[in-house]
Amino acid sequence: MIFIRFYDDPLAQASYLIGCSESGSAVVIDPNRMIAQYVDVAQARGLTITAVTETHIHADFVSGSRELAQHTGAALHLSACGPPEWQYEFGHEPNVRLLHHGDAIAVGRVELRAIHTPGHTPEHLSFMVTDGAAASEPMGIVTGDFVFVGDVGRPDLLEKAANVGGSAAAGAGQLWASLRWFKTLPDHLQVWPGHGAGSACGKGLSAMPQSTVGYERRFNWALGVEDEAEFVRQVLEGQPEPPRYFRHMKRVNRQGPRILGGLALPARLPDHRLGELLGSRAVVLDPRPAADFAAGHFAGTLNIPFNKSFPTYAGSLLPYDRDFYLLVDPGHPERLEQIVRSLAMIGLDTIAGYFVTTGHPAGPPEPERTSQMTIAALAARAPDVVVLDVRGRAEWDAGHILGAIHIPLSELPDRVAELPPERPIAVHCQGGGRSAIAASLLLARGFPSVANVTGGFGQWTAAGLPVQGGDESSH
């Protein structure tokens, strides 16, 4: 058996190629949209991809299963489990084979047996993997978003990301039942999960790439809870807000992702168009580091630094329903393809063009700068200053500045009308990263007086300044 793990670090997403060297065939599980990596590795190992499958309808990235199957001519195996309203809408396509509980996918002497493990989603499958050339029993299980190393898949995404009322508690009950089955498996079975640390599909994922059933039975918190009601309470408690784009991903992946046919780069636009676009309030993305953006930028641009968190914030703040534009630093021309690739992974395909610029105007008009505010200045602020907290709800509940307005960053584009444009606004998060992005969004939306609070709530509490809520409440 040939076993290869692929991992996309920004999305903390794992996919797997499992092949049989004897037959020269292979299956790919949970591929993302960048299908060339699977094709290239299979070719290098002398394998033909004959099957493609996925554990469930993903919410955090655009699935590459449909595209990879079409490109290779492989059969596409999709879950037929769960209620009809949460099954794939393209299951009727000629190359699709529907999987029910207990069905098997064979690639030479390797067998993947589908096990219905609902909870994270109603249709979720796990795959028991048996290397028939060496054994008659499974050696491991591909768990997708069912069991992670140290955690389990969150059951509240349908309710929070797709507004399916009551599905969180129902999903938690299903997850409990699935875990009871998981606990009966032999200790030696390897566990290959669909995500690692940093994924929003759970709340405490380990960075370890794999585990065993025995290890998870001993050390995974979810497998140590013996009461169903207590498990439901704990698994739903403290789950972070899902990124805003999750709702869009669910719909795209259920309906059937558009076939890319390769990564297409946008056209470079003439410099004079930048001013025209900014004047018309078009969305123009400046991906430089926050400090560089704060020091000077074109007025009206949105700053989302191109780092590990870029897909999360881009998916929450960039539009899916209209064109937007990129600024590319002439010193880093390679960033164009990297950024386009990263955006394509979450379905942001409406890039209408890009400009090559430092992002810092060289002449008139003067560059816009983002004001920075220290914790001391925030504590001594004038009464008319609005304090905006863009952290998550769990962070807010654990403690916040008295009198602050709370709008999580992912919700800010839809809730800017709740802020008074005539008053100065001081934006903070926990450390300064999210607030810098939020400040750029408010400036791009025309708010005249916005400051980013450097150090954020972390420095505020470290300085012993008063907080409301949580264990350190001071009123």
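In this report, the structure presented in the accompanying data block is examined. Remember, predicted model here, so these are calculated numbers, not experimental data.

Right, let's talk about the environment of valine 427 for a bit. Relative to the assigned elements, valine 427 resides in strand 20 (residues 425-428). Residue valine 427 is classed as buried on the basis of its relative accessible area of 0%. Separated by 15 residues in the primary sequence, valine 427 and leucine 442 place their C-alpha atoms 9.7 Å from one another. Beyond its immediate stretch of four places on either side in the chain, valine 427 contacts Leu388, Val390, Ser435, Ala438, Leu442, Val450, Ala451, Asn452 and Val453.

Right, let's talk about the nonpolar core for a bit. Judged by nonpolar contacts, the single largest core of 52 residues is most densely connected at Ile304, Leu318, Leu326, Leu343, Leu388, Leu412 and Leu442. Filtering out sequence-adjacent residues up to four positions away, leucine 412 remains in contact with Leu388, Ile407, Leu419, Ala438, Leu441 and Leu442.

The next thing to look at is the sheet that holds strand 10 (residues 140-144). Across the sheet, six strands lie side by side as 7-8-9-10-11-12; this open sheet has mixed pairing. Where the open sheet ends on each side, the last strands, each with one partner, are strand 7 (104-107) and strand 12 (211-212). Sheet strands touched by helix 4 (residues 167-182): strand 8 (110-116), strand 9 (125-131), strand 10 and strand 11 (190-193). Its angle to strand 10, the strand with the most contacts, is close to 170 degrees.

Attention now goes to the packing of aromatic side chains. Using the criterion set out here, one finds ten aromatic pairs in the structure. Pairing tyrosine 215 with phenylalanine 219 gives two aromatic rings, centres 4.8 Å apart and planes at 45 degrees, and the pair type is tilted. With tyrosine 215 and phenylalanine 219 both in helix 5 (residues 213-219) and four residues apart, the pair spans about one turn of that helix. Put simply, the rings of Phe3, Tyr16 and Trp192 touch in pairs and so form one group of aromatic residues. For arginine 254, the ring lying beneath its charged end belongs to tryptophan 86, and the centroid distance is 5.6 Å. Of note, arginine 391 hangs over the ring of phenylalanine 457, and the distance from its end group to the ring centre comes to 4.1 Å.

The backbone phi angle of alanine 12 is positive, close to 50 degrees, even though this residue is not glycine. Locating alanine 12 in the fold gives a position in the loop between strand 1 (2-8) and strand 2 (13-20). At arginine 281, a residue that is not glycine, the phi angle is positive and equals roughly 65 degrees.

Glancing now at the packing of helix 4 against helix 6 (residues 228-236). At their nearest, the axes of helix 4 and helix 6 sit 9 Å apart, and the two run at 120 degrees to each other. Considering the angle they form, helix 4 stands oblique to helix 6. The two elements helix 4 and helix 6 cross, and the hand of that crossing is right-handed. Taking contact as the criterion, the partners of Ala168, Ala169, Ala172, Gly173, Leu175, Trp176 and Leu179 in helix 4 are, on helix 6, Glu228, Phe231, Val232, Val235 and Leu236. Looking at the contact of helix 4 with helix 6 residue by residue, the class counts come to ten nonpolar, one polar and one charged.

This part is about the environment of aspartate 9. You can see aspartate 9 is positioned in the loop between strand 1 and strand 2. Between the C-alpha atoms of aspartate 9 and histidine 101, which are 92 residues apart in sequence, the distance is 31 Å.

By the element assignment, arginine 288 lies in the loop between strand 13 (283-286) and helix 9 (290-295). Within the local environment of arginine 288, its side chain forms a polar contact with the backbone oxygen of glycine 296, the two atoms lying 2.9 Å apart. A polar contact is formed between the side chain of arginine 288 and the backbone oxygen of threonine 358, at a distance of 3.3 Å. Each residue touching arginine 288, except ones within four places of it in the same chain, is listed here: Phe293, Gly296, His297, Asn303, Pro305, Thr358, Gly359 and His360.

Before going further, it helps to examine the packing of helix 10 (residues 310-317) against helix 11 (residues 335-345). Packed helices, taken two at a time, are described by the angle their axes make and the gap between the axes. Here helix 10 crosses helix 11 at 65 degrees, and the two axes come no closer than 10 Å. For the element pair helix 10 and helix 11, the recorded crossing hand is right-handed. For the pair formed by helix 10 and helix 11, the contact residues are Phe310, Pro311 and Ala314 on the first element and Ile339, Ser342 and Leu343 on the second. Split by residue class, the contact of helix 10 with helix 11 holds five nonpolar, one polar and no charged.

It is worth spelling out the pairing of strand 8 at this point. Of the strand pairs in this sheet, strand 7 and strand 8 are connected by four bridges, and their pairing is antiparallel. Bridging across to strand 8, valine 107 finds its partner in valine 110. Linking strand 7 back to strand 8 in an antiparallel pair, the connection comprises two residues, with glycine 108 at a positive phi of about 65 degrees. Here strand 8 runs beside strand 9; their pairing, made up of seven bridges, is antiparallel. Bridge pairing in strand 9 places histidine 116 opposite leucine 125.

Here the focus is the side chain of threonine 117. Counting through the fold element by element, threonine 117 comes out in the loop between strand 8 and strand 9. Judged by its relative accessible area of 1%, threonine 117 is buried. What threonine 117 contacts, discounting residues up to four positions off in sequence, is His124, Leu125, Ser126, Phe146, Ser178 and Trp181.

The rules we used
Residues numbered from 1 in each chain as written. Predicted model: local features only at pLDDT ≥ 70, side-chain atom pairs only at ≥ 80, totals over all residues. Heavy atoms only, no water. Helix = DSSP H or I, 4+ residues; strand = E, 2+ residues; numbered from the N terminus. Buried < 20%, exposed > 50% of the residue type's maximum accessible area, 1.4 Å probe, protein only. Contact = heavy atoms within 4.5 Å. Core = buried A, V, L, I, M, F, W, Y, C linked by side-chain atoms within 4.5 Å. Pairing = 2+ DSSP bridges. Axes fitted to C-alpha atoms, helices over the stretch in contact; angles between N-to-C directions. Phe/Tyr/Trp six-rings, centres within 6.5 Å; stacked < 30°, edge-to-face > 60°. Lys NZ or Arg CZ within 6 Å of the ring centre and 35° of its normal. Parallel < 35°, antiparallel > 145°, perpendicular 65-115°, else oblique. Left-handed = near helix turned anticlockwise from the far one by under 90°. Nonpolar A, V, L, I, M, F, W, Y, C, P; charged D, E, K, R; others polar. Polar contact = N/O pair within 3.5 Å; in protein donor to acceptor, adjacent residues only side chain to side chain.

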